[in-house]
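# Understanding the architecture of this molecule
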Amino acid sequence: MRWSKTFIPTLKETPSDAEVPSHQLMLRAGLIRQLMAGAYTYMPLGYRALRKAEAIVREEMERAGAIELFMPALQPIDLFERTGRKDAFGNVLINFEVQRGDKKVHLALGPTHEEVVTDLMSHAINSYRQLPLTVFQIQTKFRNEERPRFGVLRTSEFLMKDAYSFGTNLEQLDDAYQAMYNAYCRIFSRCGLTYIPVEAESGPIGGDASHEFMIPAPNGEDRIVHCKACGYAANLERADTGRETPPIETAANASELKKVDTPDATSIEQVSKMLDCEPSQMIKTLIYQADDEPVAVLIRGDHEANEGKIRRELEAESVELATPETIQKVTGAPVGFAGPVGISCKVIADHDIPVIVDAITGANEGDAHYTGVNVGRDYQLDTTFDLRNAAAGDPCPKSGEPMELVHGIECGHVFKLGTKYSVSLGADYLDEKEKRHPIIMGCYGIGVNRIIASLAETSNDENGLIWPLAVAPYEVLLIPLNINDEEVMKVSDNFYSQMQDAGIDVLYDDRKQRPGFKFKDADLIGIPLRVVVGGKGLKEGLVEIKWRTDGDPTKVPVDEAMDTVNAMLAQRREEEEGE
RNA sequence: CGGGAUGUAGCUCAGCCUGGCAGAGCGCUGGCUUUGGGAGCCAGAAGUCGCAGGUUCAAAUCCUGUCAUCCCGACCA
């Protein structure tokens with residue numbers, strides 16, 4: 001493609017609305033343009049990259065045995081009512097009524113396609129002989145994000161590859177899941193991304209029934225803990241910590257229990273400021289309503305309670321923060337002054353609680369806290385639990401080594417669904433004994449835009465983007481330095497047609513611009529291989545070839561240049577595949 | 001939905017406090033020169049100062065409302 005004939009509006013300055021690197025660079029490199037919050041046009045260069053990523057996804061899906069189909073984005077709201085997800089999605093589900101003759105039809109724009117695909121299979125699958133089956137599609141999804149942000153990382157309309165597996169038993173589900181998991185690893189590595197498969201919320205099936213594929217990036221929305229030693233990684237909410245119950249005994253040097261006035265100080269922050277202490281010295285006493293029973297949960301002041309873990313330890317159906325009335329009843333104090341000393345309900349504590357010597361807690365009395373609170377003497381614990389979110393430095397549950405906190409961009413998710421949708425939408429099959437069973441399903445998503453955005457986010461330098469060959473909009477950027485120089489143009493035109501003939505994706509910068517201008521644009525858009533034809537070099541019979549990441553170009557005789565380019569591309573392709 | 005910020009030329013921004021001709025750089029158009037890391041000179045085009053209302057002789061500037069965008073939080077397949 002000739003640059004002069006395509007449409008690549010690069011920007012010298014960074015638009016003020018863009019904050020994260022991917023957004024800034026994609027805008028500046030002319031890959032995208034914003035229409036409104038959460039909706040972007042993919043410009044020719046950006047769309048080429050997107051389509052290359054899409055092609056890799058498609059290839060690997062097919063290699064894994066999945067079959068491509070294409071479902072409607074417009075869906076009847078009825079399907080979401082039957083699965084209960086109209087309420088579950090709430091505002092996120094874009095839905096509206098349209099007039100059709102004398103009827104009103106209530107439609108939704110698909111945020112995902114479990115309903116549609118399950119409905120499809122409920123009609124199309126009758127027998128166990130038709131299973132297992134995995135289908136996929138690559139299609140635009142719609143979600144009314146309450147807050148679209150980070151440019152193209154979180155949008156209300158996005159390209160997603162979604163696959164769904166159908167099987168008769170757990171072995172078939174495991175096989176499909178494993179096939180998808182492996183395909184995802186290949187996809188992300190072929191796209192040149194470093195990725196971490198992360199254990200995620202596993203739902204009703206339990207075990208390792210769900211993984212998210214995270215691209216580590218400082219601006220990622222998700223926080224995960226990661227053990228470098230053994231590779232264990234999990235969502236902050238999901239992650240176990242390898243901590244154990246410490247000895248529960250009163251410290252020998254414990255100070256006296258004292259009540260101090262803390263007027264209006266109801267938060268950890270306020271109390272720590274008023275009493276001039278660290279939040280880690282404090283015990284947060286949260287009163288939860290676990291089903292019908294109020295329970296006090298003790299968490300260190302600087303930690304975050306994890307309601308999922310609390311619910312599991314209490315074996316409760318539901319856990320939520322208690323009402324002010326309940327708190328008043330249990331603690332005898334208004335909200336913000338609860339503490340374990342003399343409280344009148346069940347108390348459970350996190351592992352980190354009993355080791356706090358001379359802790360500070362609420363006094364179960366308005367405007368007052370205790371200092372010098374010590375386990376065994378002032379309050380009693382039988383044992384302790386893992387009740388909080390994991391934090392940097394926590395020991396890994398597998399290796400015991402300290403874990404690090406990593407921010408990540410969620411680019412893929414594999415999930416064992418079980419029979420949730422097949423039951424509610426009546427997708428059954430008959431087994432060999434003519435017995436009816438719900439089909440066992442799995443679902444597997446990849447955000448294709450996020451592959452591109454993650455690359456922009458993580459693969460760049462101060463001059464611009466750096467594409468891997470596999471996803472780059474073009475593989476080679478051919479630059480004649482002076483289009484008024486006949487000799488330069490003769491050689492360049494010749495290269496251009498030879499490259500096209502060789503099947504190389506080449507962008508030909510035939511614009512009437514000064515060399516500096518072209519070099520700056522070249523670095524900005526980050527095409528992997530740059531071939532420069534200039535008057536000076538030609539006098540010695542040389543052209544310059546350089547990877548985007550190289551410091552200096554290699555000078556090559558004109559008649560060897562094509563061979564060199566082909567060889568360099570071939571080698572790089574092999575390296576990227578082999579990763 | 002709560003908190004914060006910003007809306008002035010295609011882009012980056014000044015002007016607003018203290019009301020009085022609508023500004024600069026980049027980009028764009030034409031011309032000449034230049035041609036190895038975002039060129040120089042000359043001449044131009046380009047704005048409903050987000051929108052609506054109010055105060056005033058007079059509003060980009062002050063007041064009220066509203067919309068949009070960005071950031072933090074809440075929420076989130």
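On to the sheet that holds strand S29 (residues 542–547). To summarise the sheet geometry, strands pair through backbone hydrogen bonds and adopt either a parallel or an antiparallel arrangement. Pairing in this open sheet of five strands is mixed, and the strands run S27-S26-S28-S29-S30 from one edge to the other. Two strands lie at the open edges of the sheet, namely strand S27 (506–508) and strand S30 (554–557), each paired on one side alone. Pairs of neighbouring strands in the sheet enclose a mean axial angle of 25°, with direction left out of account. Bridging between strand S28 (residues 529–533) and S29 involves four bridges; their strand directions are antiparallel. Pairing of Val531 across the sheet is with Ile545, part of S29. Seen against the sheet, helix H12 (residues 486–501) touches strand S26 (476–480), S27, S28 and S29 and runs at an angle of roughly 165° to S26. Across the face of the sheet, helix H13 (residues 515–525) comes into contact with S26, S27 and S28 while running at roughly 175° to S26.

We now examine the protein's contact with RNA strand B. Neighbouring RNA strand B are 39 residues, the closest being Phe89, Arg154, His413, Asp523 and Glu544. The sugar-phosphate portion of RNA strand B accounts for 44% of its atoms within 4 Å of the protein, the bases making up the rest. Within the backbone of Ser16, an N or O atom sits 2.6 Å from a phosphate oxygen of RNA strand B. Asp521 is positioned with one of its side-chain polar atoms (N or O) 3.0 Å from a base nitrogen of RNA strand B. Mapped onto the surface near RNA strand B, the elements with two or more residues apiece are strand S1 (32–36), helix H4 (85–89), strand S20 (404–418), H13 and helix H14 (535–539). By residue number, the principal contributor to the surface near RNA strand B is H13, which donates eight residues. Classifying every residue of the surface near RNA strand B gives 10 nonpolar, nine polar and 20 charged.

With six of eight residues buried, strand S14 (residues 283–290) lies mostly within the body of the structure. By the bridge criterion, eight bridges tie S14 to strand S15 (residues 293–300) in an arrangement that is antiparallel. In the strand pairing of S15, Ile283 is matched with Arg300. Between the end of S14 and the start of S15, which pair antiparallel, lie two residues, with Asp291 showing a positive phi angle near 50°. Pairing analysis gives three bridges linking S14 to strand S16 (residues 319–321), with the strands arranged antiparallel. Bridging from a neighbouring strand, Tyr288 pairs with Leu321 of S16.

Before going further, it helps to examine the domain arrangement of chain A. Here chain A is partitioned into domain 1 (51–70 + 110–240 + 405–456), domain 2 (258–373) and domain 3 (474–578). One C-alpha centre belongs to domain 1, the other to domain 3, and the line joining them spans 40 Å.

Most of strand S10 (residues 210–216) sits out of view: six of its seven residues are buried. Bridge count for strand S9 (residues 196–199) against S10 is four bridges, and the pairing is antiparallel. Directly across from Val198, in S10, lies its bridge partner Glu212.

Counting across every chain of the model gives nine aromatic pairs. With a centroid separation of 6.1 Å and 35° between ring planes, the pair formed by Tyr195 and Phe213 is classed as tilted. Of this pair, Tyr195 sits in the loop between helix H6 (170–190) and S9 while Phe213 sits in strand S10, and the two are 18 residues apart along the sequence. Given the relative accessible area of 24%, Tyr195 is considered partly exposed. Relative accessible area serves as the criterion here: at 0%, Phe213 is assigned to the buried category. Put simply, the rings of Tyr181, Tyr184, Phe188, Tyr195 and Phe213 pair up and form one aromatic cluster. One residue, Arg48, lies across the ring of Tyr474, its end atom 4.0 Å from the ring centre. Across from the ring centre of Trp547, 3.9 Å away, lies the NZ or CZ of Arg572, which sits over that ring.

Here we take up the environment of Ile451. By the element assignment, Ile451 lies in helix H11 (residues 448–458). For Ile451, a relative accessible area of 0% puts it in the buried group. Sequence spacing of Ile451 and Val565 is 114 residues, and the spatial spacing of their C-alpha atoms is 27 Å. With near-sequence residues (within four places) excluded, Ile451 lies in contact with Ala53, Val57, Ile187, Phe188, Cys191, Leu193, Cys411 and Ile446.

Glancing now at the packing of helix H2 (residues 44–63) against H6. Axis separation between H2 and H6 bottoms out at 9 Å; the angle between their running directions is 150°. Judged by the angle between their axes, H2 and H6 are roughly antiparallel. The crossing of H2 and H6 is right-handed. Along its contact with H2, which presents Ile56, Val57, Glu59, Glu60, Met61 and Arg63, the element H6 presents Met180, Ala183, Tyr184, Arg186, Ile187 and Arg190. Looking at the contact of H2 with H6 residue by residue, the classes come out as seven nonpolar, no polar and five charged.

Of the volumes computed, that of the largest pocket is approximately 1200 Å³. Lining the largest pocket are 44 residues; nearest its centre among them are Arg143, Met160, Glu212, Glu410 and His413. Taken together, the elements giving at least two residues each to the lining of the largest pocket come down to H4, strand S8 (157–167), S10, S20, helix H10 (420–424), strand S23 (440–447) and H11. A breakdown of the residues in the lining of the largest pocket according to their chemical character gives 18 nonpolar, 12 polar and 14 charged. Taken as a whole, the second largest pocket encloses approximately 360 Å³ of empty space.

Criteria and thresholds
Residues numbered from 1 in each chain as written. Chains lettered and ligands numbered in written order. Predicted model: local features only at pLDDT ≥ 70, side-chain atom pairs only at ≥ 80, totals over all residues. Heavy atoms only, no water. Pairing = 2+ DSSP bridges. Helix = DSSP H or I, 4+ residues; strand = E, 2+ residues; numbered from the N terminus. Axes fitted to C-alpha atoms, helices over the stretch in contact; angles between N-to-C directions. Contact = heavy atoms within 4.5 Å. Near = heavy atom within 4 Å. Polar contact = N/O pair within 3.5 Å; in protein donor to acceptor, adjacent residues only side chain to side chain. Nonpolar A, V, L, I, M, F, W, Y, C, P; charged D, E, K, R; others polar. Buried < 20%, exposed > 50% of the residue type's maximum accessible area, 1.4 Å probe, protein only. Domains from an automatic or database assignment. Phe/Tyr/Trp six-rings, centres within 6.5 Å; stacked < 30°, edge-to-face > 60°. Lys NZ or Arg CZ within 6 Å of the ring centre and 35° of its normal. Parallel < 35°, antiparallel > 145°, perpendicular 65-115°, else oblique. Left-handed = near helix turned anticlockwise from the far one by under 90°. 1 Å grid on protein atoms, 1.4 Å probe; cavity = no way out; pocket = protein on both sides within 12 Å on 5 of 7 lines; lining within 4 Å. Points joined across faces, edges and corners; volume = space filled by probe spheres on them.

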